[in-house]
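Given next are the chains, with one letter for each unit.
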Amino acid sequence: MTGDIDDKPQPLIEHLMELRTRLIWSLVAFFVAFIGCFAVAKHLFNYLVYPYKWAVEWAHLDLAKSELIYTAPQEFFFTQVKVAMFGALVISFPIIAAQIYKFVAPGLYKNERSAFLPFLIASPILFLMGAALVYFFFTPMVMWFFLKMQQAPAEGQVGIALLPKVSEYLSLIMTLVFSFGLVFQLPVITTLLARVGLLTSAWLAEKRKFAIVFAFIVAAVLTPPDPMSQIGLALPTILLYEISIYAARLVERQRSRQALEESGGTSEITKTDDV
């Protein structure tokens, strides 16, 4: 295995120069993506508004009278900047992840690199799955819940209407996207920890009840202060925790199989030497 890794010592300055190169490439990728996204930021924001439109339709309200507002002259401009940064981060993430992998890979053995690469691919896929759940289901459901709380004007009562601000709506959907995206990384993190021997499936199963409580606490911190958002994040978190237990068991079975193969190969070598 010594030939699988570069054991040649390198000065600290070379590592720092390599790190600088990777950071520059990552920043350039993010900046180029930001310029492109800012040029179409208004169109990107219109796509983010689709869940709100779906919620209006679910609530059987007039779409022509449902609108987003901004109350400060610069508010929508900075909202577009945030949208461009959000889009740039999503677009440039594969390049940034590749730069991180290229910086770390020379210090890994060949089998470690082959084990690390699938997780590098699975991580953005799981993040996009969480973001899709937020975009197509969770955000419309939350906005429908808030829209149904409106009060029509009638005799003896004042009308109460929801007029969401563009910045607050963007903050809501971005918070939900990042929250679900991070939670969907749970199988990746636990599988990596199980692969290096820091976690076991038995330990994860034993701590299941604590994980359920922790899931609701994290959901209360990461989501807006309403029960639907908290439950909507806590339930997928619990499901992903169960998937993590199953993934850890698969890793343990694979490790046991490899250990048996290695021990079997050693015994065959010993018999050959004896003859």
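Scoring rules and cut-offs
Along each chain, numbering runs from 1 in the same order as the chain's sequence is written. Local features in this predicted model are restricted to residues of pLDDT 70 or higher, and side-chain atom pairs are both shown and tallied only at a pLDDT of 80 or more, whereas totals for entire chains, interfaces and linings draw on every residue. The side-chain numbers reported here are obtained from all heavy atoms of the structure, hydrogens and water having been left aside. Secondary structure is summarised from DSSP: a helix means a run of H or I of at least four residues, a strand means a run of E of at least two, and numbering begins at the N terminus for each. Three exposure classes are used, based on accessible area relative to the maximum for each residue type with a 1.4 Å probe and protein chains only: buried under 20%, partly exposed in between, and exposed over 50%. Contact criterion: two residues are considered in contact whenever any of their non-hydrogen atoms come within 4.5 Å of each other. To estimate the expected span of a helix, subtract one from its residue number and multiply by 1.5 Å. What pLDDT reports is the predictor's confidence in each residue, on a scale of 0 through 100. Identification of polar contacts relies on pairs of N or O atoms within 3.5 Å, with a donor-acceptor requirement for protein atoms, meaning one able to donate a hydrogen and the other able to accept it, and with residues adjacent in sequence counted only if both atoms are side-chain atoms. When a carboxyl oxygen of Asp or Glu lies within 4 Å of a side-chain nitrogen of Lys or Arg, that pair is called a salt bridge. UniProt positions are given in the numbering used here, feature names are shortened, and annotations may be inferred rather than shown by experiment. All axes are obtained by fitting lines to C-alpha atoms, using only the stretch in contact for helices, and the reported angles, taken between N-to-C directions, cover 0 to 180 degrees. Any angle between 65 and 115 degrees counts as roughly perpendicular, while under 35 counts as roughly parallel, over 145 as roughly antiparallel, and the rest as oblique. The residue classification treats Ala, Val, Leu, Ile, Met, Phe, Trp, Tyr, Cys and Pro as nonpolar and Asp, Glu, Lys and Arg as charged. All others, Gly included, are polar.

**Some words on the overall build of the chain**
- What the chain contains, in helices and strands, is ten helices and zero strands.
- Ordering the α and β elements of the chain from the N terminus gives α-α-α-α-α-α-α-α-α-α.
- When burial is assessed residue by residue, the chain has 34% of its 275 residues classed as buried.
- A separation threshold of at least 6 residues defines the contact pool for the chain, and within that pool the share at least 24 residues apart is 81%.

**Thoughts on helix H1 (residues 12-39)**
- With 28 residues, H1 extends 41 Å from end C-alpha to end C-alpha; this agrees with the ideal 40 Å at 1.5 Å per step.
- Within H1, burial applies to Arg22, Ser26, Ala29, Ala33, Phe34 and Cys37.

**Points about the environment of Met143**
- Structurally, the position occupied by Met143 is in helix H5 (residues 110-147).
- Along the sequence, Met143 and Ala55 sit 88 residues apart, while their C-alpha atoms lie 5.7 Å from each other.
- In this structure Met143 touches Tyr52, Ala55, Leu162, Tyr169 and Leu172, once residues within four positions along its chain are discounted.

**Description of the confidence of the model for the chain**
- Across the chain, pLDDT averages 83, with 88% of residues at or above 70.
- Within the chain, no element has a lower average pLDDT than helix H10 (residues 227-274), which sits at 74, and none a higher one than helix H2 (residues 41-48), at 93.
- Low pLDDT, under 50, characterises residues 266-275; the stretch is placed with zero contacts to residues that sit more than four places away or in other chains.

**Comments concerning the side chain of Gln185**
- Take Gln185: it is sitting in the loop between helix H6 (166-183) and helix H7 (186-195).
- Of note is the side chain of Gln185, whose polar atom sits 2.6 Å from the side chain of Ser123.
- When neighbours within four sequence positions are excluded, Gln185 is seen to be in contact with Ser123, Leu126 and Phe127.

**What about the pattern of salt bridges?**
- As enumerated under the stated definition, the model contains three salt bridges in all.
- With its nearest N and O atoms 2.8 Å apart, the salt bridge here joins Glu18 to Arg22. Taken together, the residues span about one helical turn, with Glu18 and Arg22 both in helix H1 at a distance of four residues.
- Arg22 gets classed as buried once you look at its relative accessible area, which sits at 18%.
- With its nearest N and O atoms 2.6 Å apart, the salt bridge here joins Arg208 to Glu242.

**Some details on the environment of Val218**
- Position of Val218 relative to the elements: it lies in helix H9 (residues 208-222).
- Remark: the alpha-carbon pair of Val218 and Thr237, spanning 19 residues in sequence, is separated by 9.5 Å.

**Things to note about the UniProt feature "transmembrane region" (unreviewed entry) in the chain**
- Mapped onto this structure's residue numbering, the UniProt feature "transmembrane region" (unreviewed entry) falls at residues 23-45, 83-104, 116-138, 172-198, 210-225 and 231-251.
- Each end of residues 83-104 is marked by a C-alpha atom, and these two atoms are 31 Å apart; helix forms 100% of the span and strand 0%.

**What to know about the packing of H2 against helix H4 (residues 75-104)**
- As a packed pair, H2 and H4 sit with axes 9 Å apart at the nearest point and diverge in direction by 80 degrees. Here H2 lies roughly perpendicular to H4, going by the angle between them. Of the residues in H4, those in contact with Ala41, Lys42, Leu44, Phe45 and Leu48 of H2 are Phe76, Thr79, Gln80 and Val83.
- Its residues assigned to classes, the contact of H2 with H4 shows six nonpolar, two polar and one charged.

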